[in-house]
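Observations on chain architecture
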Amino acid sequence: MVKGASFKTLMVIALMAIVTAIVYQNSIGVPFYLDDFGSIVNNPNFKNASFSTLFSDYPLRVIGYFSLFLDFEQHKLSVSGYHYTNVFIHFLTGLVVYFLVRKLCSISKFAVSSAAANYVAMICALVFLVHPLQTQSVTYIVQRLASLVALFYLASVCCYFYARSSESNTLKVVFSFGCMLFAVCAFFTKQNAVTLPLVLVFAELIFFNRSVAKKMILAGLIALLSIGLLYFVVPSSIVGYVDKLDMLTRETRDITRIDYFLAQLSILWIYVGKFFWPVGLHLEYGKTIEDFSRFTTLISAFAHIVVLAAAFTLRKKLPLLVFGIAFFYSAHFVESGIIPIRDLMFEHRTYLPNFGLILVALSLCSLVWKRLNKSDKATVPLMISAIVLFALSYMTYQRNEQWLDPKKFYENELVYSPNNVRVLHNYAEYSGRMGDLDKSESLINRMYDAAGDKIDGAMVNTHIVLLMSRGKFRDAVALAERLLEQPGLNPRTRVHVLSNIGIVYTSLGRYKRADAYFREAYALGGMTTKALLAYAFSLHKNGFPIKALEMIDEIKVLRPNDRRALELEKKILAKNDDKSEVEK
């Protein structure tokens, strides 16, 4: 019997692996996008990095960035390696969903046989794996942090359920250790893991022992109080403590907590809608506080109250439904609660909370299933599951096709956000990089028209690059110099602007002038390979061949077969060989 169950489990795991591989096979060649460049390609923190240095740079995301760094060390600028890792993380998360749902079916009032529970868990896991709303966390490389924290988060929850329901003391210890280990990993992958203890309290309240849950809540309050007292002792005043706490729990000061919370009341329903009807997916929603009227906010708030009231009423009758609702709100609390974030809405924020919606959908489907005729109870769920999974898989494959072709991707963005400044800028930057200068110029003009006061340094830098490509070097330098004078210019943007001025002067043969800008950019770190090549050429012309070769070595680390870098290296070495012969 055990062997038969183990074989079925292995077959399910194999099926999940095959389906994931098929659905995401066209994501392996998706190029770097947007934040990938700053976080991976041109990340100065990856130079001579280690776990300890990355902990200093990304203390609350160190595991996520360390995983990206390991891929960077192994694959450099070859995107396929990053994508294989992302897809594997996604598969592992789906695997955790499978075991977690199977356990939930056995301990909740979900009256199905073990074979049926195995089937239900498999369907839930497959929905999680092939749902198109998950693609942003899988296909967009840098959003690995969203999928990786979900893996650790759900693994911790899964271990908790197995520890609490196990009759073996040895297994209790093993699973308890796993729960704590995965929790620690989650906490150091992304900040939204902070809600994990809350989910465990809900698990205890709904499925196990309320007195234990009360003790957990008390322990949590004591821990928070202790941390609070530490902060009261260290600062010189209570005001300092409050300011520090406020700074740690917000990304922007441009949005008040109450305004952010009220906007999220409506956005959460958009997320729910996207889960049950995943059409029109895109990256930049560009939602603002002003987009949500008072009436919309009131209706959204009322709907949330109804859902929470229903959950409280049904807590004994439908524990799986209630836990799904509790999980959804808990997992959304950090990014869709009272912690203001500059961007109000992104699809990757739904990756973890979607597990809660899967439980909700499962519970609702079970109510319908109970009303079916006995003859239909086996065939109808099978047919509907097959249709849903096929439809979701097709949509995911098509969404990845958009990611695979940046032009198609950005055209899709323009359909849904035609006046979004960042969409216009991102498409303009890509078009310029691909050599379509007319398209880039047209988009930049639209960007300025739509921007108002929303233009940032990176957008202006794209305009500078366009002017350089057009041969308008004087205009490019003038605009760049004005941008450098702006207070609060992002350090990464400053590196690119300084590099571009250096490239202009190198193109004009003014190598000593170029050297000053390159040196400042290089000291800041994060120069592109194009800028490093121009710097190497400038150093060569200024009579610093050794330094020029060092720059070329840096390029070769990222691009071992860069033709222009290899040609310049050959030229420098040949010239120095000739010089050595003359000196002899």
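Right above here is the structure, for reference.
As a starting point, this report considers the structure included with it. All figures in this text were calculated on a predicted structure; none of them were measured in a lab.

Topic: the environment of arginine 422
Take arginine 422: it is sitting in helix 19 (residues 421-433). Spatially, the C-alpha atoms of arginine 422 and glutamate 284 are 7.7 Å apart, while their sequence positions differ by 138 residues. With residues up to four places along the chain from it excluded, the contact list for arginine 422 reads Glu284, Asp343, Phe346 and Met459. At a separation of 2.7 Å, a polar atom in the side chain of arginine 422 contacts the side chain of glutamate 284. A distance of 2.6 Å separates the side chain of arginine 422 from the side chain of aspartate 343, its partner in a polar contact.

Here's the deal with the nonpolar core
In this structure, Met16, Val101, Leu104, Val157, Phe323, Phe327 and Phe355 are the most contacted members of the largest nonpolar core, which totals 90 residues. Top contributing element to this core by residue count: helix 8 (residues 144-165), with 14 residues. With residues up to four places along the chain from it excluded, the contact list for phenylalanine 355 reads Val97, Leu100, Val101, Leu104, Leu154 and Phe327. Membership of the second largest hydrophobic core comes to 41 residues, among which are Tyr33, Phe46, Tyr430 and Met459.

Some details on the packing of helix 5 (residues 79-107) against helix 6 (residues 114-130)
Close contact between helix 5 and helix 6 brings their axes to 8 Å; oriented N to C, the two are set at 145°. As helix 5 packs across helix 6, the resulting crossing turns out to be right-handed. Residue-level contacts link His90, Phe91, Thr93, Gly94, Val97, Tyr98, Val101, Arg102 and Cys105 of helix 5 to Ala117, Asn118, Val120, Ala121, Met122, Cys124, Ala125, Phe128 and Leu129 of helix 6. Here the residues of the contact of helix 5 with helix 6 are counted per class, giving 13 nonpolar, four polar and one charged.

Some remarks on unusual backbone geometry
Despite not being glycine, leucine 34 has its phi angle at roughly 40°, a positive value. The exposure class assigned to leucine 34 is partly exposed, which follows from its relative accessible area of 22%. For asparagine 48, which is not glycine, the phi torsion reads 55° and is therefore positive. When you line up the elements, asparagine 48 lands in the loop between helix 2 (35-41) and helix 3 (51-57).

With respect to the side chain of serine 67
Structurally, serine 67 is set in helix 4 (residues 62-75). Setting aside residues no more than four positions away along its own chain, serine 67 makes contact with Arg144 and Leu148.

Some remarks on the side chain of glutamate 204
Mapping glutamate 204 onto the fold places it in helix 10 (residues 196-207). Residue glutamate 204 is classed as buried on the basis of its relative accessible area of 0%. A polar contact is formed between the side chain of glutamate 204 and the side chain of tyrosine 160, at a distance of 2.3 Å.

Remarks on the packing of helix 20 (residues 437-451) against helix 21 (residues 457-469)
The description of two packed helices rests on the angle between their axes and on the distance between the axes. Where helix 20 contacts helix 21, the two axes come as close as 11 Å, and the packing angle between them is 145°. As helix 20 packs across helix 21, the resulting crossing turns out to be left-handed. On the side of helix 20, the interface is formed by Leu437, Ser440, Glu441, Ile444, Met447 and Tyr448, while helix 21 contributes Met459, Val460, Thr462, His463, Leu466 and Ser469. Of the residues assigned to the contact of helix 20 with helix 21, the class counts are seven nonpolar, four polar and one charged.

Quick notes on the rules
- Residues numbered from 1 in each chain as written.
- Predicted model: local features only at pLDDT ≥ 70, side-chain atom pairs only at ≥ 80, totals over all residues.
- Heavy atoms only, no water.
- Helix = DSSP H or I, 4+ residues; strand = E, 2+ residues; numbered from the N terminus.
- Contact = heavy atoms within 4.5 Å.
- Polar contact = N/O pair within 3.5 Å; in protein donor to acceptor, adjacent residues only side chain to side chain.
- Core = buried A, V, L, I, M, F, W, Y, C linked by side-chain atoms within 4.5 Å.
- Buried < 20%, exposed > 50% of the residue type's maximum accessible area, 1.4 Å probe, protein only.
- Axes fitted to C-alpha atoms, helices over the stretch in contact; angles between N-to-C directions.
- Left-handed = near helix turned anticlockwise from the far one by under 90°.
- Nonpolar A, V, L, I, M, F, W, Y, C, P; charged D, E, K, R; others polar.

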